[in-house]
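# Coordinate inspection notes
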Amino acid sequence: MPELPEVETVVRDLRDHGLEKARILSADIRWPRIIEGMSPSSFARALRGRTITRLSRRGKYIVVSLDDGQHLLIHLRMTGKLHYIPAKHDPGKHDQVVITMVDGHQLLFNDTRKFGRLRLTRDADKGLGHLGPEPLEDTFTVSVLQQQLQGKSRMIKPLLLDQNCVAGLGNIYVDEALWQAKIHPERHANTLTKAEMKKLHQAIRTVLQQGVENCGTTLGTGQTNFYSVAGRRGHNADALKVFRRTGEPCPRCSTPIVRTVVGQRGTHFCPTCQRPLSAY
DNA sequence: AGTCTTGTTCGACT
DNA sequence: CAGTCGAACAAGAC
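Report follows, based on the coordinates. (Residues numbered from 1 in each chain as written. Chains lettered and ligands numbered in written order. Predicted model: local features only at pLDDT ≥ 70, side-chain atom pairs only at ≥ 80, totals over all residues. Heavy atoms only, no water.)

### Thoughts on the sheet that holds strand E1 (residues 24–29)
- Taking strand neighbours across the sheet as the criterion, the four strands line up as E1-E7-E8-E6 in an open arrangement whose pairing is antiparallel. The open sheet is flanked by E1 and strand E6 (80–85), the only strands paired with a single partner. Each strand axis lies, on average, 15° off the axis of its neighbour in the sheet, ignoring direction.
- With six bridges joining them, E6 and strand E8 (residues 106–111) adopt antiparallel strand pairing. Its bridge partner being in E8, lysine 81 is matched across the sheet by asparagine 110. (Pairing = 2+ DSSP bridges. Helix = DSSP H or I, 4+ residues; strand = E, 2+ residues; numbered from the N terminus. Axes fitted to C-alpha atoms, helices over the stretch in contact; angles between N-to-C directions.)

### Side note on the packing of aromatic side chains
- Applying the stated rule across the entire model yields zero aromatic pairs.
- Across the ring face of tryptophan 31, the terminal group of lysine 114 is positioned such that the distance to the ring centre comes to 3.3 Å. (Phe/Tyr/Trp six-rings, centres within 6.5 Å; stacked < 30°, edge-to-face > 60°. Lys NZ or Arg CZ within 6 Å of the ring centre and 35° of its normal.)

### Topic: the protein's contact with DNA strand C
- Near DNA strand C, the surroundings consist of 16 residues, among which Thr112, Arg113, Lys114, Phe115 and Arg154 are the closest.
- Protein-proximal atoms of DNA strand C, defined as those within 4 Å of the protein, fall in sugar or phosphate at a share of 63%.
- Residue arginine 113 places a main-chain N or O atom 3.0 Å away from a sugar or linking oxygen belonging to DNA strand C.
- A distance of 3.4 Å separates a base nitrogen of DNA strand C from a polar atom in the side chain of glutamine 264.
- Here the residues of the surface near DNA strand C sort into two nonpolar, eight polar and six charged. (Near = heavy atom within 4 Å. Polar contact = N/O pair within 3.5 Å; in protein donor to acceptor, adjacent residues only side chain to side chain. Nonpolar A, V, L, I, M, F, W, Y, C, P; charged D, E, K, R; others polar.)

### Some thoughts on the protein's contact with DNA strand B
- In the vicinity of DNA strand B, 14 residues are found, and the nearest of them are Lys60, Met78, Arg113, Arg259 and Arg265.
- Restricting attention to atoms of DNA strand B within 4 Å of the protein, one finds that 69% of them are sugar or phosphate atoms.
- Take arginine 244: an N or O atom from its side chain is 3.0 Å from a phosphate oxygen of DNA strand B.
- Its residues assigned to classes, the surface near DNA strand B comprises four nonpolar, four polar and six charged.

### Quick look at the sheet that holds strand E2 (residues 35–36)
- Spatial strand order, E2-E9-E5-E4-E3: five strands in an open sheet with mixed pairing. A strand with exactly one partner marks an edge of an open sheet, and here the two such strands are E2 and strand E3 (52–58).
- Where E2 and strand E9 (residues 117–121) come together, two bridges link them in parallel fashion. Counterpart to isoleucine 35 in the pairing with E9 is leucine 118.
- The strands touched by helix H1 (residues 4–16) within the sheet are E3 and strand E4 (61–66), with E3 carrying the most contacts at an inclination of about 165°. (Contact = heavy atoms within 4.5 Å.)

### With respect to the pattern of salt bridges
- The tally for this structure, following the rule as stated, stands at 14 salt bridges.
- For glutamate 20, the salt bridge is made with arginine 15, and the minimal N-O distance between the two is 3.8 Å.
- Residue classification places glutamate 20 among the partly exposed residues on the basis of a relative accessible area of 26%.
- With relative accessibility at 34%, the residue arginine 15 sits in the partly exposed group.
- Residue aspartate 68 pairs with arginine 50 through a salt bridge whose shortest N-O separation is 3.8 Å. You can see aspartate 68 sitting in the loop between E4 and strand E5 (71–75) and its partner arginine 50 sitting in the loop between helix H2 (40–47) and E3, a full 18 residues away along the chain.
- One connected set of salt bridges, linked through shared partners, spans Glu8, Arg12, Arg57, Arg58 and Glu134. (Salt bridge = Lys/Arg side-chain N within 4 Å of Asp/Glu carboxyl O. Buried < 20%, exposed > 50% of the residue type's maximum accessible area, 1.4 Å probe, protein only.)

### Some thoughts on the packing of helix H4 (residues 142–149) against helix H7 (residues 194–213)
- Direction vectors running N to C along H4 and H7 enclose 110°, while the axes themselves pass 9 Å from each other. With respect to their mutual orientation, H4 and H7 come out roughly perpendicular. The interaxial crossing formed by H4 with H7 has right-handed handedness. Contacts between H4 and H7 involve Val142, Leu145, Gln146 and Leu149 from the former and Lys194, Met197, Lys198, Leu200, His201 and Ile204 from the latter.
- Classifying every residue of the contact of H4 with H7 gives six nonpolar, two polar and two charged. (Parallel < 35°, antiparallel > 145°, perpendicular 65-115°, else oblique. Left-handed = near helix turned anticlockwise from the far one by under 90°.)

What follows is the structure in structure tokens.
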């Protein structure tokens, strides 16, 4: 489940593999629905001859900027993976899009569940404008978070999962941030005290930074887990305090971690540290 | 065999 | 309008 730290890891790995400056020869779209907003043939035609000028990230999107001012937005959704290989090879079972460079390198978009999406856009804001603030930027202050939560009666967990609120958070890091801030996932956003928002702000930044430092979270060994470029595993799983740790003792108070469903999403928390309502 | 899972969007309700 | 809910997408994990 690629969230901000996993996507950041992929972007860094693609840079390290030399994708920046590569020139595109052709694109082979093997599962048409992966391409959003235009036909696969138009997409392939638009990419032909383009040189990649920059790789960046916005929320959970990978932004591949091209020399004609267009941007290729890649969203991995749940099981999308990218590989950058030095020579042409026959596409594997789940290689949905193959982009071949003039020097023979191939960028493979591999996705077992075919939920991932590629979109070519002239104006990056069109595809990314709806996203909330970047939580690791210096501009993401407590008061920015406060503004995003202001007047919202929604439960804090579904709100944090909403990419319009804060960009890049997903199920893993939201559970971790709420545990660290000692906030129950079903608390309504407008009931958080200023002190709680401050702790939540710090917690969001800490868990995401740690995730980036550990190159993302890879749980288990199944092929639907997160793998970065060249099949590299993230090693943040050991740093998780509550996610997928149902029944294990809370690292702070030893109460067994509970799993519930909040907003149709599996949710892990400590029933002792994270009370439903603050006591005041 | 059947159920669950998961990020995001979208449409239908409340 | 704001928010909630379920559906849809797809296939591996269990």
